[in-house]
Amino acid sequence: MDHHVQRVPALRVRALPKSTNAYGRVQAGWLLEQIDLAGSLEAERLSRGPVATVAVNAFQFNAPILLGDVVNLYVDRLRVGQKSVTLKIEVESERMEGECVRITEVIVTFVAIDAEGRSRFLEDKNQ
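Below is a summary of the structure that appears in this document. Being a predicted model, the structure only gives us computed values, none of them experimental.

As a further point, take the side chain of Glu-42. Within the secondary structure, Glu-42 is located in helix H1 (residues 28-47). On the basis of relative accessibility, which here comes to 19%, the residue Glu-42 falls in the buried class. A distance of 2.9 Å separates polar atoms of two side chains, one belonging to Glu-42 and the other to Arg-45. Beyond its immediate stretch of four places on either side in the chain, Glu-42 contacts Val-75, Arg-77 and Leu-87.

Judged by nonpolar contacts, the single largest core of 26 residues is most densely connected at Leu-31, Ile-35, Ile-65, Val-71, Leu-73, Val-91 and Ile-103. Elements with a contribution of two residues or more to this core: H1, strand S3 (70-80), strand S4 (84-94) and strand S5 (100-112).

For the rest of this paragraph, the subject is the packing of aromatic side chains. To describe a pair of aromatic rings, you give the distance between the ring centres and the angle between the ring planes. As enumerated under the stated definition, the model contains one aromatic pair in all. When the ring of Phe-59 is compared with that of Phe-61, the centres are 5.9 Å apart and the planes differ by 55°; the resulting orientation is tilted. The ring of Tyr-74 carries the charged tip of Arg-7 above its face, separated from the ring centre by 4.2 Å. The positively charged end of Lys-83 is found above the aromatic ring belonging to Phe-121, 4.8 Å away from the centroid.

Strand order in the open sheet formed by five strands is S1-S3-S4-S5-S2, with antiparallel pairing between adjacent strands. The two strands at the open ends of the sheet, each matched to only one other strand, are strand S1 (11-14) and strand S2 (51-56). Strand-to-strand twist of the sheet, defined as the mean angle between neighbouring strand axes without regard to direction, takes the value 30°. Note that S3 and S4 share 10 bridges and pair antiparallel. Pairing of Leu-73 across the sheet is with Val-91, part of S4. Taken strand by strand, H1 contacts S1, S2, S3, S4 and S5, and its axis lies near 45° from that of S3.

A large share of S4 lies buried, amounting to eight of its 11 residues. Here S3 folds back onto S4 in antiparallel fashion, the turn holding three residues. Alignment of S4 against S5, held across 11 bridges, turns out to be antiparallel. Bridging across to S5, Leu-87 finds its partner in Val-108. Turn length for the S4-S5 hairpin, with the two strands adjacent in sequence and antiparallel, is five residues, and the turn residue Gly-98 shows positive phi of about 105°.

Considering all chains together, one arrives at nine salt bridges under this definition. Its salt-bridge partner being Asp-114, residue Arg-118 comes within 3.6 Å of it at the nearest N-O pair. Of the charged contacts, one joins Glu-116 and Arg-118 as a salt bridge, the two residues approaching to 3.3 Å between their closest N and O atoms. Through salt bridges with shared partners, a single network forms among Arg-7, Asp-76, Lys-88 and Glu-90.

Definitions and cut-offs
Residues numbered from 1 in each chain as written. Predicted model: local features only at pLDDT ≥ 70, side-chain atom pairs only at ≥ 80, totals over all residues. Heavy atoms only, no water. Helix = DSSP H or I, 4+ residues; strand = E, 2+ residues; numbered from the N terminus. Buried < 20%, exposed > 50% of the residue type's maximum accessible area, 1.4 Å probe, protein only. Polar contact = N/O pair within 3.5 Å; in protein donor to acceptor, adjacent residues only side chain to side chain. Contact = heavy atoms within 4.5 Å. Core = buried A, V, L, I, M, F, W, Y, C linked by side-chain atoms within 4.5 Å. Phe/Tyr/Trp six-rings, centres within 6.5 Å; stacked < 30°, edge-to-face > 60°. Lys NZ or Arg CZ within 6 Å of the ring centre and 35° of its normal. Pairing = 2+ DSSP bridges. Axes fitted to C-alpha atoms, helices over the stretch in contact; angles between N-to-C directions. Salt bridge = Lys/Arg side-chain N within 4 Å of Asp/Glu carboxyl O.

Purely spatial values, then, with no claim about function.
Structure follows, in structure tokens:
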């Protein structure tokens, strides 16, 4: 018997008119904001405090995100270091008729920061 594990997105958000261009397609800047938000939620949990984004690899759109799509962002831990967390974030778009389309994946690195914005050690890197 096949036991398919359903993944739970770290973030789900609908593409609204303010996130699209004049042609009804989501702009890359809006998607990057969602990627940063989804990743920082996981990085903050892992570092037990605030983080700053320090690196984002290049990403390509495999398909457009359309007005009304529900965008699912999945976060996987790649590396937890002494001061940083590197995550893989996969983006999938759920069309209004139910079809799911793979949009992109990106690698993002966050560094744990203190109240003054300086890097700090993660409190428990085995978390």
